[in-house]
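Fold and contact review
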Amino acid sequence: MDVLGMIYNAFIADPYIKEKASGRNDCLYQIEVWSKNRTNTRELSKQIGKVMWNFGFHQGTANEWDEETGIYRDARRYRGKLYRDDLDTL
């Protein structure tokens, strides 16, 4: 199931949103990586960061370690703009 696609389609179906979006979407994504292995958590997060960078997104990071469960969490927020020139055909 493409949840992001469903949300996008619902937004763009609204005439007001479609008119005001005019081809540019400001986006904010939060991607969290959780595991019991700190190295795996960091490496996976770095790779995700590289992919997001290629799309033109920049990041902010929040890291934490839950002592009780031994789980490492790396949460990164990526902000950027996506441009589409085909909004009138959707």
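Worth saying up front: this structure is predicted, and the values here are computed from it rather than measured.

On to the side chain of Arg 73. Note that Arg 73 resides in strand S3 (residues 71-83). We classify Arg 73 as buried; its relative accessible area is 15%. Polar side-chain contacts of Arg 73 include one of 3.0 Å to the side chain of Glu 32.

Here the focus is the packing of aromatic side chains. Under the counting rule described, the total for this entry stands at 1 aromatic pair. Judged by centre distance (5.8 Å) and plane angle (55°), the rings of Tyr 29 and Phe 57 are tilted. Taken together, the residues span a long stretch of sequence, with Tyr 29 in strand S1 (residues 24-35) and Phe 57 in the loop between helix H3 (38-54) and strand S2 (58-66) at a distance of 28 residues. The partly exposed category is assigned to Tyr 29, whose relative accessible area is 28%. Overall, Phe 57 belongs to the buried group, its relative accessible area being 3%.

Reading guide: rules and limits
Sequence order as written defines the numbering, with residues in each chain counted from 1. Thresholds applied to this predicted model are a pLDDT of at least 70 for local features of residues and 80 or more for the giving and counting of side-chain atom pairs; totals over whole chains, interfaces and linings are not thresholded and use all residues. Where side-chain values are given, they derive from all heavy atoms of the structure, hydrogens and water being excluded. To qualify as a helix, a DSSP run of H or I must reach at least 4 residues; to qualify as a strand, a run of E must reach at least 2; elements of each kind are numbered from the N terminus. In this scheme, a residue with accessible area under 20% of its type's maximum is buried, one over 50% is exposed, and one in between is partly exposed, where area comes from a 1.4 Å probe on protein chains only. As used in this structure description, the phrase polar contact means that two N or O atoms lie within 3.5 Å; if the pair is within protein, one of them must be able to donate a hydrogen and the other to accept it, and residues adjacent in sequence are counted only when both atoms belong to side chains. Only centres within 6.5 Å qualify two rings of Phe, Tyr or Trp (six-membered ring in Trp) as a pair; their planes then separate them into stacked at under 30 degrees, edge-to-face at over 60, and tilted for everything else.

These results come straight from atomic positions and should not be treated as a statement about function.
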